Amino acid sequence: MDRYLERGASWTALAYGPGFALLGFLAELLTGTTHTVAWVIVGLGLAAITAPWVYARRRFLTVRVTGDALWQGRERLPLTDIAEVTDVGAPTGARVLGGGWTTPNKYEALPIRLTDGTVVLAWAKDVEALRTALRQARTA
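Summarised in this report is the structure supplied together with it. Treat the numbers as computed from the prediction; the structure is a model and nothing was measured. (Residues numbered from 1 in each chain as written. Predicted model: local features only at pLDDT ≥ 70, side-chain atom pairs only at ≥ 80, totals over all residues. Heavy atoms only, no water.)

What follows concerns the packing of aromatic side chains. Under the definition given, this model contains 2 aromatic pairs. Their ring planes at 75 degrees and their centres at 6.3 Å tell us that Phe 20 and Trp 39 sit as a pair that is edge-to-face. Of the two residues, Phe 20 sits in helix α1 (residues 16-31) while Trp 39 sits in helix α2 (residues 36-60), which places them 19 residues apart along the sequence. (Phe/Tyr/Trp six-rings, centres within 6.5 Å; stacked < 30°, edge-to-face > 60°. Helix = DSSP H or I, 4+ residues; strand = E, 2+ residues; numbered from the N terminus.)

Rendered as structure tokens:
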């Protein structure tokens with residue numbers, strides 16, 4: 001059961017390319033000349049190049065709190081390793097969860113003190129919701 005879930009991307013992004021191609025086709029219908037096959041190829045091509053982007057974002061940028069762990073991308077941090085999530089300062093050079101060098105763009109950092117005393121940086125678009133989910137999951 002997920003206590004918190006933040007997907008890196010939605011599969012609905014695959015519809016943007018074909019939607020753009022449909023708009024282009026409809027615009028051509030108004031002018032009288034249509035290139036149906038070309039617009040189908042454009043729509044499928046845009047969907048094909050969007051699919052790996054969506055897959056990668058869902059794999060590496062998904063944030064999830066389950067009953068026993070915090071997942072940051074593919075990295076799993078057991079909740080039993082978390083000592084504190086509030087009033088933790090972020091020291092320079094703190095390790096970023098998820099395997100990146102820095103917090104991903106458009107995500108905020110959440111410093112977490114581990115039971116061994118080290119501080120790591122979790123990240124989410126809604127840091128307060130993540131902090132609340134971690135507090136609730138640790139006390140449950």
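This next bit is on the side chain of Arg 131. With respect to the helices and strands, the residue Arg 131 is situated in helix α3 (residues 127-139). You can call Arg 131 buried: its relative accessible area is 16%. Setting aside residues up to four positions removed in sequence, Arg 131 forms contacts with Val 85, Thr 86 and Leu 110. (Buried < 20%, exposed > 50% of the residue type's maximum accessible area, 1.4 Å probe, protein only. Contact = heavy atoms within 4.5 Å.)

A word on the environment of Glu 6. Topologically, Glu 6 is positioned in strand β1 (residues 4-6). Residue class for Glu 6 comes out buried when judged on its relative accessible area of 11%. Sequence separation between Glu 6 and Leu 61 is 55 residues, and the spatial gap between their C-alpha atoms is 8.4 Å. When neighbours within four sequence positions are excluded, Glu 6 is seen to be in contact with Leu 61, Thr 62, Val 63, Tyr 107, Ala 124, Lys 125 and Asp 126.

This paragraph deals with the packing of α1 against α2. In the contact formed by α1 and α2, the axes pass within 7 Å of each other and the chain directions differ by 160 degrees. Judged on the interaxial angle alone, α2 and α1 are roughly antiparallel. Pair α1 / α2 crosses with right-handed handedness. Residues Gly 17, Pro 18, Phe 20, Ala 21, Gly 24, Phe 25 and Glu 28 of α1 pack against Thr 36, Trp 39, Val 42, Gly 43, Leu 46 and Ala 47 of α2. Looking at the contact of α1 with α2, its residues break down into 8 nonpolar, 4 polar and 1 charged. (Axes fitted to C-alpha atoms, helices over the stretch in contact; angles between N-to-C directions. Parallel < 35°, antiparallel > 145°, perpendicular 65-115°, else oblique. Left-handed = near helix turned anticlockwise from the far one by under 90°. Nonpolar A, V, L, I, M, F, W, Y, C, P; charged D, E, K, R; others polar.)

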